[in-house]
Structures are given as C-alpha cells and as structure tokens.
Amino acid sequence: MGLKKKIAGSSMVRYLARNTPLMHGMAKKLVPATEMEEAVEVARQLREMGYHVCLHHLGTPSEDVDVIQENVSTVMETMEILDEERLEVCISLMPSEMGYLKSAKGGESHCLQVGQIFGNRISVRDVEDRQGYGDGHEEGERNLLMVHASERVPMQRILALYGALSRSDIPSCVTIPAGLTRSINDVKAIISQGGNVRLSMTPSLVNDSSSYEYEDLIADNYMKLARILLSEDALIQQVSPVFALEDNEMAEQIIMMTNLEGWSMNSFEFEIPYGVNNALKRRLLDEGYTVRVLVPFGKEWWPYFQRRTQ
C-alpha cells in the first residue's frame, strides 16, 4: 500500500476529517448529508429539479452486531421517512453493511427483512392510490431497492440475495460490475428471467470472481454488457436497465444503442453520483432522459470521499 493510501486510511485522518469543518465543507460537494433527514431533504430538492434519486447509506462494513443493527435500522428509517414524505422510495442495499461479513445467513436475513418492509410500504401506497385516497404516483416514479455489489461479499451471494428478493415480488435491481469476467453470463441469465440490472464500473474485484485488471478493459466490457442489456431479448423481457456512469462518451454510446434498438427514453435510466459531472446530468435531463442521482449520506463519509477524490 502506498504512503498516501496509508495516511488516508488511518483512523486519525478519518477522525480529523469527520470533525474539521473545512474538511467537511469540502466533502459536502460529494457527500451532501450525514444525517438521514438531511439526505431526504436533498432528495426532495433534486426531485423538484426533475431528477430521480437513490439514497446510498455510508455505513461501516462490519462483523460487530451493534454496528450491523445500526446500519440496518438507518436504512429502514430512511425508507420510512421517504415514504411518509411521499417521495420516491429508492435506496441502496449494501450487503457488506447488513451482516454478510459476519455470516451469509444472517446478512441475507437482514436484507430480506429490509426488503419485506420496503415491499409492504410500496404495496400500501399502490392500494391507497387505486382506492383514491393516496397522493398518486409522480410521473416516472420507480420505487426500487438497489442491491449493490461489494468487494468483500462473493458475487454469487449478491445474486442469490437478488433472486430471493425477486421471488418475494419486491421491486429490486442488482448491481452487475463491468470488471468481472463472469458478468456477461450473469446479465444474460437475469435478462432471461425479466430481472433488473444496474450496470456499474465498480467495484472491480469480488471475492469469488476473476476480473479485468485495467480500466480500459473494464470500460470495454461495460459497453459489451450495455449492448446485451439493450438487445431485442431485453426489450421483449421488459428489462429496465440502469446505467451507472460518469463519462460523456459512454453516455453518448448508450444513447446511440437505444436509438438503434428502438428503446424509448423512459425505458431505461442513467445514474450519476451527486456532485459528479453535473453538466452531463443537466444535459441528459433536458433532452428528456431519466436521470437518477446517487446521493451518499452517513457519518462514515470519509472512505467514500477518499475513493471519489482519488
């Protein structure tokens, strides 16, 4: 490990970063909130601007029971606030924070518990709207539980969790990292089942999978996977892909593919992190595409901020 990474990862630097106003002010350009209430307010502001939002909790991947429970509770409470505020309920689910590092069985149990509460809340909203005493869905609303991949949880576990959520009819989407050689087969399998994929450049390493070492190879594989997700088979299966990206050229290539294959603008999404390439976000939105902003929040913001600035 290089000296810069050792310094950045030290507990002292993390403490100073969390407790120094200047550092926190700099970080707010990428991590706009530490508390869930702040994050929900950011989501509201972005929604008023026309964006969709996925709230992404920055907790601590841990084997400690108390830390795991805190992570689980925060995600649940965030869903509750979004629902009570009648905002689109879209939130990420990080298996490494939900207990998978302690045991796969316990981690899956926590994730399914979150998923059940999520599904129940969405079902109640649907019933209220059908019976005429709800507020109605906003245009293009897509309530989703985004299952993220993790470098510390085997990809097979991630896919098994997504399968369990899908079989329980919980609206969910699974992250497929472009850095894995197995991802092409995974995407084809999900398409055949009419599932939902969030295609991402990261994480590039997962415990049980061989991976591409160089960024240009990962980017090439991302575009190969995008072509599969925008194929005729995917269109027939009514797959609604989410393209997590930051690069203008990659966005242009996705748009060209969708035009060639006959995809409508509202049948797929672009996802771009908060504070990243705002010009691209605005342009895509102005052109009529669905743009989802990944909004990270939480007290453990330093590791995320460190990765983004690197």
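Now for a quick tour of the structure. Counting restarts for each chain, with residues numbered from 1 along the sequence as it is written. The model is predicted, so local features are restricted to residues of pLDDT at least 70 and side-chain atom pairs to those at 80 or more, both for listing and for counting; the totals for chains, interfaces and linings are taken over all residues. Note: side-chain values were computed over all heavy atoms of the structure, leaving out hydrogens and water.

A word on helix H11 (residues 248–261). Numbering goes from the N terminus for both helices and strands, where a helix is a DSSP run of H or I of at least four residues and a strand is a run of E of at least two. The span you would expect from a helix comes to 1.5 Å times its residue count less one. Over its 14 residues, H11 runs 20 Å from end to end, which matches the ideal 20 Å to within 8%, given 1.5 Å per residue. For H11, the complete set of buried residues consists of Met250, Ala251, Ile254, Ile255, Met257 and Thr258. Considered in projection along H11, the buried side chains sweep an arc of 160° and stay on one side of the axis. In H11, the exposed residues that point more than 90 degrees away from the buried face are Glu249, Met256, Asn259 and Leu260. The contact criterion used throughout is that any non-hydrogen atoms of two residues lie within 4.5 Å. As for H11, its buried residues are in contact with helix H9 (215–229), strand E6 (242–244), strand E7 (269–273) and helix H12 (278–286). The opening residue of H11, the one whose side-chain oxygen lies 3.0 Å from the backbone nitrogen of glutamate 249, is aspartate 247. A positive phi of about 80° marks glycine 262, the residue just after H11. To sort residues, take the accessible area from a 1.4 Å probe on protein chains only and compare it with the maximum for the residue type: under 20% means buried, over 50% means exposed, and anything in between is partly exposed. Think of it as the arc spanned by the lines of direction from the helix axis to the C-beta atoms. Here a polar contact is taken to be a pair of N or O atoms separated by no more than 3.5 Å, where protein atoms must pair a possible hydrogen donor with a possible acceptor and residues adjacent in sequence count only if both atoms sit in side chains.

With axes taken as lines fitted to C-alpha atoms, and helix axes fitted only over the stretch in contact, angles between N-to-C directions fall between 0 and 180 degrees. Packing of helix H4 (residues 36–48) against helix H5 (residues 65–84) brings their axes to within 10 Å, and their N-to-C directions diverge by 40°. Between H4 and H5, the angle is such that the two are oblique. You can see that H4 and H5 cross each other, and the crossing is right-handed. The residues of H5 that touch H4, namely those facing Met36, Glu37 and Val40, are Thr74, Glu77, Thr78, Ile81 and Leu82. Polarity classes work like this: nonpolar for Ala, Val, Leu, Ile, Met, Phe, Trp, Tyr, Cys and Pro, charged for Asp, Glu, Lys and Arg, and polar for all others, with Gly in that last group. Partitioned by chemical class, the residues of the contact of H4 with H5 number four nonpolar, two polar and two charged. If an angle is under 35 degrees, it is roughly parallel; if it is over 145, roughly antiparallel; if it lies from 65 to 115, roughly perpendicular; otherwise it is oblique. A clockwise turn of the near helix away from the far one marks a right-handed crossing, whereas an anticlockwise turn of less than a right angle marks a left-handed crossing.

We now examine the pairing of E7. In terms of residue burial, E7 counts as a mostly covered element, since five of its five residues are buried. With burial as the criterion, each face of E7 is covered, one bearing Glu269, Glu271 and Pro273 and the other bearing Phe270 and Ile272. Every crossover in which the path from the first strand over the helix to the second runs clockwise, viewed with the strands pointing away from the viewer, is termed right-handed. Note that the unit made of E6, H11 and E7 has a crossover that is right-handed. The sheet contact formed by E7 and strand E8 (residues 291–297) spans four bridges and is parallel. At least two bridges found by DSSP between two strands are what make those strands a pair.

Moving on, we get to the environment of arginine 125. Among the structural elements, arginine 125 can be located in helix H6 (residues 104–131). Residue class for arginine 125 comes out buried when judged on its relative accessible area of 2%. Distance from arginine 125 to arginine 86, taken between C-alpha atoms, is 9.0 Å for residues 39 residues apart in sequence. For arginine 125, the residues in contact, after removing those within four places along its chain, are Leu82, Asp83, Arg86, Leu87, Val89, Glu141 and Asn143.

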